[in-house]
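Each chain is listed here by its residues.
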Amino acid sequence: MPENLDQPVANAISEDYQRERKLSFLEKIYLPEIFKGLWYSFKQMFAPTFTLNYPDEKWEPPSIFRGRPVLVEDNGQERCVSCGLCARACPPLAISMQANEDSDDPKERYPEKFEINMLRCIYCGYCEEVCPEEAIVMSKDYDIVFESREDAVYDKDRLMVPKEDLKERLDFLKEYKNNQFGQFWDFQEENNIHSVRDRDQDWNTGLSLVDLLEQQKKNDASEASSNWSV
Ligand code: SF4
Ligand code: SF4
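Residues numbered from 1 in each chain as written. Chains lettered and ligands numbered in written order. Predicted model: local features only at pLDDT ≥ 70, side-chain atom pairs only at ≥ 80, totals over all residues. Heavy atoms only, no water.

Put simply, the test is: UniProt positions are given in the numbering used here, feature names are shortened, and annotations may be inferred rather than shown by experiment.
Looking at an unreviewed UniProt entry, the chain carries the name NADH-quinone oxidoreductase subunit I, with the source organism given as Rhodohalobacter sulfatireducens. Per UniProt, the chain carries the Subcellular location (unreviewed entry) text "Cell membrane". Here the chain is described in UniProt, under the heading Sequence similarities (unreviewed entry), as follows: "Belongs to the complex I 23 kDa subunit family."

Details of the UniProt feature "binding site: [4Fe-4S] cluster 2" (unreviewed entry) in the chain
The following threshold applies: Any two residues whose heavy atoms approach within 4.5 Å at even a single point are treated as in contact.
When the UniProt feature table is mapped onto this chain, "binding site: [4Fe-4S] cluster 2" (unreviewed entry) is found at Cys90, Cys121, Cys124 and Cys127. Taking the farthest pair of C-alpha atoms as the criterion, the annotated set spanning 38 residues converges on one region, since that pair is 10.5 Å apart. Not counting the four nearest positions on each side in its chain, Cys121 is found in contact with Pro69 and Ala94. In this view, Cys124 contacts Arg66 and Pro91; residues no more than four positions away in its chain are not counted.

What to know about the site of ligand 1
Quick note on the threshold: We call a residue near a given molecule or strand whenever any one of its heavy atoms falls within 4 Å of it. Ten residues, namely Ala, Val, Leu, Ile, Met, Phe, Trp, Tyr, Cys and Pro, are considered nonpolar, four, namely Asp, Glu, Lys and Arg, are considered charged, and the remaining ones, Gly among them, are considered polar.
Near ligand 1 you find Cys90, Pro91, Pro92, Ile95, Cys121, Ile122, Tyr123, Cys124, Gly125, Tyr126, Cys127 and Met138, and these make up its full shell. Here the shell around ligand 1 is composed, by residue class, of 11 nonpolar, 1 polar and no charged.

Side note on the sheet that holds strand β6 (residues 153-154)
Let me state the cut-off plainly: Pairing between two strands requires that DSSP report at least two bridges joining them. Going along the chain from the N terminus, every DSSP run of H or I of four or more residues is numbered as a helix, and every run of E of two or more is numbered as a strand.
Sheet architecture is open: 3 strands sit in the order β3-β4-β6, paired in antiparallel fashion. The open sheet terminates on both sides in strands that have one partner only, identified here as β3 (95-101) and β6. Examined bridge by bridge, β3 and strand β4 (residues 109-117) share 7 bridges and lie antiparallel to one another. Paired with Asn100 across the two strands is Tyr110, which belongs to β4.

As for the pattern of salt bridges
Worth spelling out the cut-off: Think of a salt bridge as a Lys or Arg side-chain nitrogen and an Asp or Glu carboxyl oxygen that are within 4 Å of each other. For every residue, the accessible area obtained with a 1.4 Å probe (protein chains only) is divided by the maximum for its type, and the residue is called buried under 20%, exposed over 50%, and partly exposed between those limits.
Counted by the stated rule, this structure contains 11 salt bridges. Of the charged contacts, one joins Arg169 and Glu128 as a salt bridge, the two residues approaching to 2.7 Å between their closest N and O atoms. Of this pair, Arg169 sits in helix α6 (residues 167-181) while Glu128 sits in helix α4 (residues 126-130), and the two are 41 residues apart along the sequence. Assigned by exposure class, Arg169 and Glu128 land together as buried. Members of the salt-bridge network, linked through shared partners, are Glu60, Lys140 and Glu168.

Shown next, in the form of structure tokens:
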């Protein structure tokens, strides 16, 4: 015979169980509990406060805080070389850019356009982690308001912040990265003002890209020499 599932299952061990305890008279009228609550609220009026009267009072975040990502402006110019690593690493695909080249600039490449869609950004900091030039960092700016979707797309002009204003975060990153990689990593400020061409003097042959490719072809055509060849 099928079990009747509508019936509550009785306590198999003892049927003498109590679902509710009996309330006293004072508990039934609730007044003592109400006055206890009022007394607690009254005491809190004299307790030390931990909240801020935002936006009249602003919170100053510590340097570890990850606020709005910004582009570092170094001597009036963005550090970014438009390598695209940050856009690749960004989980919600918030970053887009268009690269351009300037042969007169030791940096050679720069972003013609650079945009971050702040409606997509999740403040993960991956862009900052992967950037080889320390050109994009997480600022302390948490006070972000938009009035439209278009307004939420920050262009290069709105993203650029002078490095002097980001000093605390840059110092934090330097300490963090140097500690993270120990003796193998010695982050220096001047790492950021090189071009890829000048990074390693051994590779700086002074040849144009076409000549370099020609040289490469010749090298590839020459007979391989190896200690392992028979
Ligand atoms: S903080 Fe994260 S989500 Fe925001 S732009 Fe950088 S990588 Fe993208
Ligand atoms: S990773 Fe850094 S250098 Fe490369 S495009 Fe992004 S901000 Fe620019």
